[in-house]
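# Topology and contacts: notes
The primary structure of each chain is shown beneath.
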Amino acid sequence: MIYFELNNLNKENIYRKTLSMIEYLCDKYSFTEQRGVIEMTNQCFIEQLQAQQDDFSVDITAHLENNTLVFNYLSEKPLFQFVEETSTDLAADNIWGVLVENLDLSADYKSLTIDFYVKPHQNVTRPVVNTILQKKDSYQI
C-alpha cells in the first residue's frame, strides 16, 4: 500500500502542495489516463473550500489500494458542510463532485473522503549492461 500525508495545509499552500503530491503519484504509478480528472477535482474542490473559508487548516492523506486512489481531507473544524449542499448535476461549481467515484462526508463535516478508480502501473527500470562475451582473438586457432 502507498501512503502519503500532508499536514497543516492552509489557504496559501494547500493548492501547491496537493498538486505536487498528485503529480508525483501520477508520474510514479503512470496514472496517465486519470491524471487530468484527479487534478481537476482537486483544483475545483480547493477553490470551493477557499471561497467558503478565510482561515483554515487541513490535513490530507492519500493512499492507493489496488485500483482505488483515496484522498481524505481532515480538519478540526467543520469545514466541509458545503459539500452536502453541492448538487450532483453537472455545473461549473460542482464539477469535482461529478468526477469522483465515491464521496464520503462525515456527519460532523470534519472529514471528507473521495475515491478515484485508477490503473496503476509502476515504472520498472532495469539497468542495461553491455559486456563483451567473446573477442575476435579467441576465434584464432
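Report follows, based on the coordinates. (Residues numbered from 1 in each chain as written. Predicted model: local features only at pLDDT ≥ 70, side-chain atom pairs only at ≥ 80, totals over all residues. Heavy atoms only, no water.)

Next up on the list: the pairing of strand β5 (residues 111-117). In terms of burial, β5 is a largely internal element, six of the seven residues being buried. Bridge count between strand β3 (residues 68-74) and β5: seven bridges; the pairing is antiparallel. Directly across from T68, in β5, lies its bridge partner Y117. The sheet contact formed by strand β4 (residues 102-105) and β5 spans four bridges and is antiparallel. Residue pairing across strands places D104 opposite T113, the latter belonging to β5. Where β4 folds back on β5, the antiparallel hairpin that results is connected by five residues, among which Y109 adopts a positive phi of roughly 60°. (Buried < 20%, exposed > 50% of the residue type's maximum accessible area, 1.4 Å probe, protein only. Helix = DSSP H or I, 4+ residues; strand = E, 2+ residues; numbered from the N terminus. Pairing = 2+ DSSP bridges.)

Attention shifts here to the layout of surface pockets. A volume near 180 Å³ is recorded for the largest pocket. Around the largest pocket, the lining residues are N8, D55, F56, S57, V58, D59, L74, S75, E76, K77 and L79. Its residues assigned to classes, the lining of the largest pocket shows four nonpolar, three polar and four charged. (1 Å grid on protein atoms, 1.4 Å probe; cavity = no way out; pocket = protein on both sides within 12 Å on 5 of 7 lines; lining within 4 Å. Points joined across faces, edges and corners; volume = space filled by probe spheres on them. Nonpolar A, V, L, I, M, F, W, Y, C, P; charged D, E, K, R; others polar.)

If you walk across this open sheet you meet the five strands as β1-β2-β3-β5-β4, and the pairing is antiparallel. Each end of this open sheet is capped by a strand with a single partner; those strands are β1 (2-9) and β4. On average, each strand axis in the sheet is tilted by 10° relative to the strand beside it, whichever way the strands run. Across seven bridges, strand β2 (residues 58-65) lies against β3 in antiparallel orientation. Following the sheet pairing, E65 is matched in β3 by T68. Strands β1, β2 and β3 of the sheet are contacted by helix α1 (residues 14-28), whose axis makes an angle of about 170° with β1. Lying on the sheet, helix α2 (residues 35-52) is in contact with β2, β3 and β5; it crosses β5 at an angle near 160°. (Axes fitted to C-alpha atoms, helices over the stretch in contact; angles between N-to-C directions. Contact = heavy atoms within 4.5 Å.)

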